[in-house]
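Results of the structural survey
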Amino acid sequence: MTNLTSEQDKKSLNFIEQIVETDLQQGLNDGRIQTRFPPEPNGYLHIGHAKAICLDFGIAQKYKGICNLRFDDTNPVKEDVEYVDSIKEDIEWLGFRWANVYYASDYFKQLHDLAIRFIKDGKAYVDEQTSEEIAKQKGTPTTAGTDSPFRNRSVEENLDLFEKMTKGEVADGKMVLRAKIDMAHPNMHFRDPIMYRIITSHPHHRTGYQWKVYPMYDFAHGQSDYFEGVTHSLCTLEFEVHRPLYDWYIDQFADSSYRPKQREFNRLNLTYTVMSKRKLLQLVEEGLVSGWDDPRMPTLCGLRRRGYTPKAIRDFVDKIGYTKFEALNDISLLESAVRDDLNKTAQRVAAILNPIKVTITNYPEGTTEPLLAENNPEDPNAGMRRIEFSRNIYIERDDFMENPPKDYFRLSLGKEVRLKNAYIIKCTDIVKDENGNVVEILCTYDPDTKSGMPQANRKVKGTLHWVSAHNCIDAEVRLYDRLFVVENPSDDERDFRSLINPDSKKVMTGCKLEPCLRDAKPMDKFQFIRLGYFCVDKDSKEGALIVNRTATLKDGWKKK
RNA sequence: UGUCUAAUGGUGUAAUGGUAGCACAACAGGUUUUGGUUCUGUUUGUCGAGGUUCGAAUCCUCGUUAGACAACCA
């Protein structure tokens, strides 16, 4: 019987794990497992990267190998140290540790030597055409390309010209080094791919102006993998067509049977958001969001500020899996992952976002009364805390209705409701302003129904949360919702910026919170009872608390 | 009229020739001092057509549909 259970609990392997296990069984690369996470330091990491990180580091962990962090910094025009630091921070926050930090720029010399070897072997040549001419000669996916007039230069001339490029004697864009493969190859990437281009105008964030030529992705990535001893080079599906070239380059110079293996998995797409670095950058630069860490952003720093936990993100990634099918994942799965985690860990606390005053008319004026409240019913070790009751309290405006529908079991005229951890109260009257808006609710309480007393067990349909007017604190609460109004903004013919949800951020001021939140620090997480999960924002100042809504609670009662 | 890849409920994912399962979502009910949590149940699926086989989501053939590739980006 126990056997059966453990059998059922055993999670099936994803296709990458299956490949790894097969490789291990066959003794590939001496049974060594080594992966790498290879971000380009040109932007902030988002949840799509988290999926790659979980796989790269996860595979290494699971199969007792190592995973290195390697910055793919071969294009100084786009890259910056700012991103290097944030990337490291985000990976560590997610809960992963790299064995080593490497940079593709560490290999510039090796790569350059290798390029010279290619030239000497007659496998590379310097082309002096413009990028337009080269593009034109490339052909199309269905028609063959044509050879460059510079394709058959002598080795000596190529060596000489590449040397001039390297020394900075040639202007940007005037020459490139190309691999000499096959301009008619059915795989476009084999049509004499560019290996090196000249960049003298931008300093590299690590090597400054030392280099005038920089390797292209295809000539840098696989070779770096090889230099490092990577066994499984995992990347996303769009690199599938690059794989034959990845293998070709390595086959040209490999001097042993060791081979890194590139395998591709599906990238993460989420509903109601965008994942492309370009679009995220645009949102930031055009001020459509408040920054890379705007809590609506799918960036790791944004999710962190929103109140997401590393565990929630890892659990989510684990649930969506790795396949070769280009999927669009429902954001509600992410939300359920964070609720699941926070439900077990977040302290419960009362907060009134849209307060309305309630006066308990038969409760003595000027007195307060201590009560006990559970910190977390899901965690027996979380303990209790003291709260205080008084004659004047606040409840949520939504928790009172003058003309309620039948299935409304909150407060309304003549009806009873329980105040969480306190008494059962009955609404006796309401006070309206000159416009007819309810401004105050008058109630009586039943002294025999204090929580813990026998009479408190009386059946009452609804339970409301509340705060006492005498000691509650004011706060700003920021309510976040999905950033876009359509499921898949990237698949819409309209400009994605016009699809931003105007209600994606609502700022509520004058919210009333339980006094125990007075000393809350940024990143502290709470469940506001009956409302959702919230996280203290870094914008908070002494005495001016700001709280972000991470996610609502699941709502079993939706008003039409 | 190219190369590569893929297609399982609404969404995502498992089943590796032998009972199509899980999660999310939705719905119904039990419990509940959170309309939360939890528990129980329900609805919905193998892209199509052939073939191999005692038996096909799985293998083969031909289609269909979708995605990636024509940056001096990664």
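Residues numbered from 1 in each chain as written. Chains lettered and ligands numbered in written order. Predicted model: local features only at pLDDT ≥ 70, side-chain atom pairs only at ≥ 80, totals over all residues. Heavy atoms only, no water.

**Focus on the overall build of chain A**
On a plain count of helices and strands, chain A comes out with 13 helices and 25 strands. Taken over C-alpha atoms, the radius of gyration comes to 31 Å for chain A, far larger than the 24 Å a tight globule of 560 residues would show. Dimensions of chain A, computed from C-alpha atoms along their principal axes, come out at roughly 100 × 65 × 40 Å. Residues classed as buried in chain A amount to 52% of the 560 residues present. (Helix = DSSP H or I, 4+ residues; strand = E, 2+ residues; numbered from the N terminus. Rg over C-alpha atoms; globule rule 2.2 N^0.38 Å. Buried < 20%, exposed > 50% of the residue type's maximum accessible area, 1.4 Å probe, protein only.)

**Details of the protein's contact with RNA strand B**
With respect to spatial proximity, 70 residues lie near RNA strand B, and among them Gln18, Arg348, Ser451, Gln527 and Arg530 are the closest. When atoms of RNA strand B within 4 Å of the protein are sorted by moiety, sugar and phosphate together comprise 63%. Here His242 contributes a side-chain N or O atom positioned 3.2 Å from a base nitrogen of RNA strand B. Within the side chain of Asn329, a nitrogen or oxygen atom sits 3.4 Å from a sugar or linking oxygen of RNA strand B. Only helix H6 (131-137), strand S6 (194-198), helix H12 (310-320) and helix H13 (331-345) provide two or more residues apiece to the surface near RNA strand B. Broken down by element, the surface near RNA strand B gets its largest block of residues, four residues, from H13. Taken together, the residues that form the surface near RNA strand B break down as 23 nonpolar, 25 polar and 22 charged. (Near = heavy atom within 4 Å. Polar contact = N/O pair within 3.5 Å; in protein donor to acceptor, adjacent residues only side chain to side chain. Nonpolar A, V, L, I, M, F, W, Y, C, P; charged D, E, K, R; others polar.)

**Structural notes on the sheet that holds strand S10 (residues 347-349)**
On the basis of which strands lie adjacent, the open sheet formed by seven strands has the order S10-S23-S24-S25-S21-S22-S11 and mixed pairing. Each having just a single partner strand, S10 and strand S11 (351-352) make up the two edges of the open sheet. Inspection of the sheet shows strand S21 (residues 473-480) paired to strand S25 (residues 545-552) by four bridges, in the parallel sense. In the sheet register, Ala475 faces S25, and the bridge partner there is Leu545. The sheet contacts of H13 involve S10, strand S23 (525-528), strand S24 (532-536) and S25, and relative to S25 the element is tilted by about 120°. (Pairing = 2+ DSSP bridges. Contact = heavy atoms within 4.5 Å. Axes fitted to C-alpha atoms, helices over the stretch in contact; angles between N-to-C directions.)

**A closer look at unusual backbone geometry**
The phi dihedral of Asn29 falls on the positive side, at around 50°, and the residue is not glycine. Looking at where Asn29 falls in the secondary structure, it is placed in the loop between helix H2 (15-25) and strand S1 (34-37). Even without glycine at this site, Asp30 takes up a positive phi of about 60°. Here Asp30 is to be found in the loop between H2 and S1.

**A few points about the confidence of the model for chain A**
Residue-level pLDDT values for chain A average 95, and 98% of them are 70 or greater. In this model residues 1-9 is a low-confidence stretch, pLDDT under 50, and it forms zero contacts with partners more than four residues away in sequence or in other chains. Interface confidence for the predicted complex, expressed as ipTM, amounts to 0.96; the pTM equals 0.95. (pLDDT = per-residue confidence, 0-100.)

**A short note on the pattern of salt bridges**
This structure, assessed with the given rule, holds 43 salt bridges. For the salt bridge of Glu17 with Lys62, the shortest nitrogen-to-oxygen distance reads 3.3 Å. Within this pair, whereas Glu17 is found in helix H2, its partner Lys62 is found in helix H3 (residues 47-62), the two being separated by 45 residues in sequence. For Glu17, a relative accessible area of 14% corresponds to the buried category. With a closest N to O distance of 2.9 Å, Asp251 and Arg259 form a salt bridge. Exposure remark for Asp251: the relative accessible area of 44% places this residue in the partly exposed category. Residues participating in the shared-partner salt-bridge network are Asp293, Arg305, Glu476, Arg478, Asp537, Lys538 and Asp539. (Salt bridge = Lys/Arg side-chain N within 4 Å of Asp/Glu carboxyl O.)

**Description of the nonpolar core**
Core analysis: the largest hydrophobic core is formed by 49 residues, its most contacted members being Ile47, Ile91, Ile313 and Phe316. Contributing elements (two or more residues each) for this core: H2, H3, strand S2 (66-71), helix H4 (81-94), helix H11 (300-306), H12 and H13. With nine residues, H3 is the largest single contributor of residues to this core. The next biggest cluster of nonpolar side chains, apart from the first, holds 36 residues, and it includes Tyr196, Val213, Phe219 and Tyr258. (Core = buried A, V, L, I, M, F, W, Y, C linked by side-chain atoms within 4.5 Å.)

**Section: the environment of Val547**
Within the secondary structure, Val547 sits in strand S25. In the structure, Val547 is positioned 69 residues away from Arg478 in sequence and 6.1 Å away in space, judged by C-alpha atoms.

**A closer look at the packing of aromatic side chains**
Geometrically, a pair of aromatic rings is defined through the distance of the ring centres and the angle of the planes. On inspection of all chains with the given rule, the structure shows 27 aromatic pairs. Here the aromatic rings of Phe108 and Tyr214 are separated by 5.6 Å at their centres, their planes lie at 80°, and the arrangement is edge-to-face. Of this pair, Phe108 sits in helix H5 (residues 108-120) while Tyr214 sits in strand S7 (residues 213-215), and the two are 106 residues apart along the sequence. Each of the two residues, Phe108 as well as Tyr214, counts as buried. (Phe/Tyr/Trp six-rings, centres within 6.5 Å; stacked < 30°, edge-to-face > 60°.)

**Overview of the side chain of Asp294**
Considering the arrangement of structural elements, one finds Asp294 in the loop between helix H10 (277-285) and H11. Judged by relative accessible area, which is 0%, Asp294 ranks as buried. At a separation of 2.8 Å, a polar atom in the side chain of Asp294 contacts the main-chain amide nitrogen of Arg296. The contacts of Asp294, once residues within four sequence positions are left out, are Val289 and Gly302.

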